[in-house]
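Breakdown of the fold
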Protein chains: 2
Amino acid sequence: MSDVAKAAGVSRATVSYALRGDPRIAAATAEKIRQAAQKLHYNANISARSLRSGRSGIIGVAIYELDRPYPSEMSAAMSREIARRGYQPIVQQTSGSKDDEIMILQKVTSQLCDGMIFSPGQVSDEELRALSHGKPMVLLDDISPDPVFDSVNTACEDGSAAAVRHLIDIGCKHVVVVGPSYDMLLDDKMASSVVGRRMTGCLRAFEEAGVDVDASNFLPLEHWDPIPAREAAYRLLDSDDYRDADGVFCMTDTIAISFMRGLADRGVRVPDDIALVGFDGVTESEYAVPSLTTVRTDLDDLARRTLDLLIDRINANVGGAGIDATGGTGDNAGDGLAFPDAPQRLTAAWELVKRESTRR
Amino acid sequence: MSDVAKAAGVSRATVSYALRGDPRIAAATAEKIRQAAQKLHYNANISARSLRSGRSGIIGVAIYELDRPYPSEMSAAMSREIARRGYQPIVQQTSGSKDDEIMILQKVTSQLCDGMIFSPGQVSDEELRALSHGKPMVLLDDISPDPVFDSVNTACEDGSAAAVRHLIDIGCKHVVVVGPSYDMLLDDKMASSVVGRRMTGCLRAFEEAGVDVDASNFLPLEHWDPIPAREAAYRLLDSDDYRDADGVFCMTDTIAISFMRGLADRGVRVPDDIALVGFDGVTESEYAVPSLTTVRTDLDDLARRTLDLLIDRINANVGGAGIDATGGTGDNAGDGLAFPDAPQRLTAAWELVKRESTRR
DNA sequence: TTGTAGGCGTTATCAC
DNA sequence: GTGATAACGCCTACAA
């Protein structure tokens, strides 16, 4: 910074002001400084800035299973939206264990980032509050009963209901939901977990159609992974309970595609013998053979809503403008409106995309 | 840190030493300090550490198109391996433009990270050197003629040759390679680009089989994306040049799966009418119907080799041990061997996985 | 084996 | 509108 100051014939403080677009600096001076910085390949040191001001201009995304289509497409959408708002995105994988989630939050995200987007796996809301160090955080698909943070959710209930309704509409007599166990109905987490809310949606659709529901309408999956999902198809075909199943709703596209592969292993035709619906709307679902009907979450809308919330909180924290005065289109939803302190809870746009797997 | 020092009854310096496992501190003292830190939820501030020592304990992965299966599976593998070695992984998406790649390197990766793993799109090796600020970097699939950095590559030539050979072996009379254009042979970048090297492998296989090659053996693709790949299938079927094509090698699995979808749109059967081979070995390839024969890159091996190189360079930079004395299994390949200064160039393990798409 | 002191590159608070 | 100066929290000679 000293070098730039010298080259531009000003003091270091002036360089700092000019580079961050402080209006106090004369336009001509600022331009001269910017050019000097450019020529010297100068870039402000993030560590120093963060140490001194507590702001880094970085927003972090921490997500489970970066190698699966849905999380990776979601991270990509978040990254794009973060960059569009003049922040630097970083993505981190929370590979399952609770300790790992905690470590990521402690060691990098909460320290380095001005705000975080987190898809909680194991950590509770209360623990998160302690780990957040007071930094703004928006949670994804967090359904805890009394939320501590803003959150944006996928349309678990409505989406699942639409999926099951669609199967019934096309004439399925025995619809099976792959993922949750029937016993879950007894669970007190029905309202506070993603599975529970999706199951609730399914039940609503069954009820509206006048379908009586029992254990034979659910095929539980220990892990929502490709291998168990593929094997679940064998279980469906081998068990008497599901013998007349003619429609299946899988709780994620990845499950649906693996399940479909399992059906293909046994020569069962989709949609002729069994119709199939997924959830997420990953790219893959469009290119599968047959292409997969699915409840598509609008990831761009999800990202937009998430960042609306997060950036409002970040600005509320300091009561000022963003760190990068040059970058922003500055549409921080709701200018001038005081941001409410109570955690907000939004739902991303979605649609039922009808494709070959339910074409009859 | 002062609080921890007070709680443990030592000075701040002692806390710093103890927490990083400096052998000078007595084991009992160190333990006492660790417990105090734990109780107070103390974590060293990365910004301050990085500012003072130049080391952050973070390794960055910068990669193109985080929302595609191959890059996302690769990032996940890298993240796991980075964590396994006691560093914190962060992933960034370089969404295409050269400016974006530069910005990512300038603004965060090169500043914040002790080392970087980069899959270069538009930026030249020389530009990278300037942007790296002397920090170690390992490139992925960088084939520049005189490399500046270590790199780890996929088996472009051998893998492609194996793919084409396999198609010929199962009896294909007219093999078409989807991706590069025949004109590329005239290009001087044959040896220094991924496409070029994969094409070279194809040509070798053709030659070894005594097959004469012309433009009808190549179906060029403007962008290696699903939509153009799907349409490429229509082009193949509609053009007289490819009328008798009975085997297709696609340069990535994503292309192959989209291409296969295009064939299905026209009712062409795989493998009966046309056999198909992909490249990468993404999870999706195993669950496609029919499952896809592919040249699978061993991502764990790729990650291992990449981090062997990178961590050796990081340690050479400071001539010491890793930042986290507790974390490492410490198998930094080749103990005691002086690390050569010349850029290394390694190739990841791979295998041809034969599946239904070439079963005849 | 432990304590002391100075500085890493910024930004914020003052004067001017 | 600009310049001097003191922190931010940590690391590391060096002294004890």
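Above this note sits the structure.
The text that follows walks through the structure, step by step, so that each part is easy to find. (Residues numbered from 1 in each chain as written. Chains lettered and ligands numbered in written order. Predicted model: local features only at pLDDT ≥ 70, side-chain atom pairs only at ≥ 80, totals over all residues. Heavy atoms only, no water.)

1. Observations concerning the protein's contact with DNA strand C
Close contacts around DNA strand C come from 25 residues, with R12, S16 and R49 of chain A together with S11 and R52 of chain B the closest. The sugar and phosphate moieties of DNA strand C supply 62% of its atoms located within 4 Å of the protein. Here a base oxygen of DNA strand C sits 3.0 Å away from a polar atom, N or O, in the side chain of Y17 of chain A. For DNA strand C, a base oxygen lies 3.0 Å from a polar atom in the side chain of R52 of chain A. Where the surface near DNA strand C is concerned, the elements lending two or more residues are helix 2 (12-19) and helix 4 (46-53) of chain A together with helix 2 (12-19) and helix 4 (46-53) of chain B. Of the residues contributing to the surface near DNA strand C, the split by class is twelve nonpolar, seven polar and six charged. (Near = heavy atom within 4 Å. Polar contact = N/O pair within 3.5 Å; in protein donor to acceptor, adjacent residues only side chain to side chain. Helix = DSSP H or I, 4+ residues; strand = E, 2+ residues; numbered from the N terminus. Nonpolar A, V, L, I, M, F, W, Y, C, P; charged D, E, K, R; others polar.)

2. Some remarks on helix 11 (residues 253-265) of chain A
All names here are of chain A. The end-to-end C-alpha separation of helix 11 is 18 Å, in line with the 18 Å expected for 13 residues at 1.5 Å each. Within the span of helix 11, buried status applies to D253, T254, I255, A256, I257, S258, F259, M260, R261, G262 and L263. Among the residues trailing helix 11, G267 stands out with phi positive, at a value near 75°. (Expected span 1.5 Å × (residues − 1). Buried < 20%, exposed > 50% of the residue type's maximum accessible area, 1.4 Å probe, protein only.)

3. Focus on the relation of the copies chain B and chain A
Between chain B and chain A, which share one sequence, the superposing operator has a rotation angle of 180° and an axial displacement of 0.0 Å; the RMSD is 0.1 Å. Such a combination of turn and shift is consistent with a two-fold rotation axis. Most of the interface of chain B is mirrored in chain A, where 100% of its interface residues again form contacts. (Least-squares fit on C-alpha atoms with pLDDT ≥ 70 in both. Contact = heavy atoms within 4.5 Å.)

4. Here's the deal with the protein's contact with DNA strand D
Surrounding DNA strand D, one finds 23 residues, the nearest of these being S11 and T14 of chain A together with Y42, R49 and R52 of chain B. Within 4 Å of the protein, atoms of DNA strand D come from sugar and phosphate in 63% of cases. Take T14 of chain A: an N or O atom from its side chain is 2.5 Å from a phosphate oxygen of DNA strand D. Contact distances for DNA strand D include 3.4 Å between a base nitrogen and a side-chain N or O atom of R12 of chain B. For the surface near DNA strand D, the elements supplying multiple residues, two or more each, are helix 2 and helix 4 of chain A together with helix 2 and helix 4 of chain B. Among the residues making up the surface near DNA strand D, the classes are represented as eleven nonpolar, six polar and six charged.

5. Observations concerning the state of the cysteines
All names here are of chain B. Counting across every chain of the model gives zero disulfides over all chains. Cysteine C156 is unpaired, with the sulfur of C202 as its nearest cysteine sulfur at 10 Å. Distance from the sulfur of C172, which forms no disulfide, to the nearest cysteine sulfur (C250) is 13 Å. Note on C172: relative accessible area 6%, which makes it buried. (Disulfide = S-S within 2.5 Å.)

6. Some remarks on the nonpolar core
I59 and I117 of chain A together with I59 and I117 of chain B are the most contacted members of the largest nonpolar core, which has 52 residues in total. Mapped by element, the contributors of at least two residues to this core are strand 1 (58-63), helix 5 (69-84), strand 4 (137-140) and helix 13 (299-318) of chain A together with strand 1 (58-63), helix 5 (69-84), strand 4 (137-140) and helix 13 (299-318) of chain B. The contact partners of I59 of chain A, leaving out residues within four places of it in the chain, are I82, Y87, Q88, P89, I90, C113, G115, I117, L307, L310, I311 and I314 of chain A. Core analysis: the next-biggest nonpolar cluster, separate from the first, contains 36 residues, M116, F118 and L128 of chain A together with L105 of chain B among them. (Core = buried A, V, L, I, M, F, W, Y, C linked by side-chain atoms within 4.5 Å.)

7. Focus on the sheet that holds strand 9 (residues 275-280) of chain B
Pairing between sheet strands relies on hydrogen bonds along the backbone, with the strands arranged either parallel or antiparallel. Residues and elements named next belong to chain B. Sheet architecture is open: six strands sit in the order 7-6-8-9-10-12, paired in mixed fashion. Strand pairing shows two members of the sheet lacking a second neighbour, strand 7 (218-220) and strand 12 (350-353), which therefore form its edges. Looking at each pair of strands side by side, their axes are set apart by 15° on average, direction ignored. Judged from the four bridges that link them, strand 10 (residues 293-297) and strand 12 form a sheet pairing that is antiparallel. By the bridge assignment, R296 is partnered in strand 12 with E351. Most of the contacts of helix 10 (residues 226-238) go to strand 7, to which it runs at about 135°, and overall it touches strand 6 (175-179), strand 7 and strand 8 (247-250). (Pairing = 2+ DSSP bridges. Axes fitted to C-alpha atoms, helices over the stretch in contact; angles between N-to-C directions.)

8. Notes on the side chain of Q93 of chain A
You can see Q93 of chain A is positioned in strand 2 (residues 88-93). There is a polar contact of 3.0 Å between the side chain of Q93 of chain A and the backbone nitrogen of L66 of chain A. A polar contact of 3.4 Å, which involves the side chain of Q93 of chain A, links it to the backbone oxygen of A76 of chain B. In this structure, Q93 of chain A is in contact with I63, E65, L66, D67, D100 and I104 of chain A together with A76, S79 and R80 of chain B, ignoring residues within four places of it in sequence.

9. Details of the interface of chain B and chain A
In this assembly, 45 residues from chain B lie in contact with 45 residues from chain A. Carbon and sulfur atoms supply 54% of the area buried between chain B and chain A, which totals about 4,100 Å² over both sides. At the junction of chain B with chain A, the criterion picks out four salt bridges. Here R80 of chain B makes a salt bridge to D67 of chain A, at a shortest N to O gap of 3.4 Å. Between chain B and chain A we count 17 residue pairs in polar contact (both at pLDDT 80 or more) in total. Mapped by element, the contributors of at least two residues to the side of chain B that touches chain A are helix 4, helix 5, strand 2 (88-93), helix 6 (98-112), helix 10, helix 11 (253-265) and helix 12 (283-287) of chain B. Its residues assigned to classes, the side of chain B that touches chain A comprises 21 nonpolar, 14 polar and ten charged. (Buried area = accessible area lost by both parts, 1.4 Å probe. Salt bridge = Lys/Arg side-chain N within 4 Å of Asp/Glu carboxyl O.)

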